[in-house]
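Structure assessment
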Amino acid sequence: MMNEDVLENTIKVQRARMNLTQEQLAEWVGVTRKTINTIENGKFIPSTKLAIKLARVFGVPVEELFILKD
Amino acid sequence: MSNICYIIEGAKHLVSEIEQLDMKRRKIMIGSLIGFTAWQLPLLFQYFNFNPIVSGWSSMISAIGCFVWLYYNVRLVQFSRLLRKKRELAGPLNDEYIQAIRIKSFTAAFWVLLACIVTLFVLSLFVDLKAQFTLHILIIVGVTAALVSYLIFDKE
């Protein structure tokens, strides 16, 4: 039986830790605020490039920012 | 220290400008959709209507719709020119999420158009459909389906 993998993220937590708004984070990685919002809500899965950029902004590994749950 | 504050203030302004332009683009698309629909639907209606008074009113609504559509197309061209001048805004406004939505909306529009073609084909087996009427419907469905699906997918 195939289980559907779920990708969760800790972007909201990391943003709160660094006191960043969605807009400010969007500007740092070169996307719109709407894109950050949809990633946070799990509606959009970012590309590897964008995921790495986000992880770099927060200074954490990508695996800590995006968690794949079975 | 003052340089850092200046950079942060500049970044805040840029971010707000991106947000405003994103909303502006959405408004232009909604306006264009309304204009196009108002322009084309009365014209479609005239294939079935033979009352000159009703025909006159529908022509007027269609003409207004045409002007609205043209107005928003001009605004869209101005928007594109603005992005060409301010290249730092073009990137975020065409990020991977927008590109994904664009592909999704074209895909949705394709299936809607295909469903419309199949429906018209089946209908043609029972009713004599004029070629002009059929092609007109397909143009309207093709354009509106793409715009509507984009606006739906783009909504937060």
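Residues numbered from 1 in each chain as written. Chains lettered and ligands numbered in written order. Predicted model: local features only at pLDDT ≥ 70, side-chain atom pairs only at ≥ 80, totals over all residues. Heavy atoms only, no water.

A few words now on the pattern of salt bridges. Enumeration over the complete set of coordinates arrives at eight salt bridges over all chains. For A:E40, the salt bridge identified is with A:R15, shortest N-O distance 2.5 Å. Taken together, the residues span a long stretch of sequence, with A:E40 in helix α3 (residues 33-40) and A:R15 in helix α1 (residues 11-18) at a distance of 25 residues. Residue A:E40 shares its accessibility class with A:R15, and that shared class is buried. A salt bridge links B:E19 to A:R33; the nearest nitrogen and oxygen atoms lie 2.9 Å apart. (Salt bridge = Lys/Arg side-chain N within 4 Å of Asp/Glu carboxyl O. Helix = DSSP H or I, 4+ residues; strand = E, 2+ residues; numbered from the N terminus. Buried < 20%, exposed > 50% of the residue type's maximum accessible area, 1.4 Å probe, protein only.)

This next bit is on unusual backbone geometry. All names here are of chain A. With phi around 55 degrees, N19 is a residue other than glycine that occupies positive phi space. On the secondary structure map, N19 appears in the loop between α1 and α2 (22-29). With a relative accessible area of 69%, N19 lands in the exposed category.

Residue and element names in this part refer to chain B. Within chain B, residue pLDDT values average 90, and 90% of them lie at 70 or more. For chain B, helix α1 (residues 2-45) is the element with the lowest average pLDDT, namely 83, and helix α4 (residues 96-124) is the one with the highest, namely 97. This complex was scored by the predictor with a pTM of 0.85 and an ipTM of 0.88. (pLDDT = per-residue confidence, 0-100.)

Along its 29 residues, α4(B) runs 42 Å from first to last C-alpha, staying within 8% of the 42 Å computed at 1.5 Å per residue. Among all positions in α4(B), only B:Y97, B:I98, B:I101, B:S105, B:A109, B:C116 and B:L120 are buried. (Expected span 1.5 Å × (residues − 1).)

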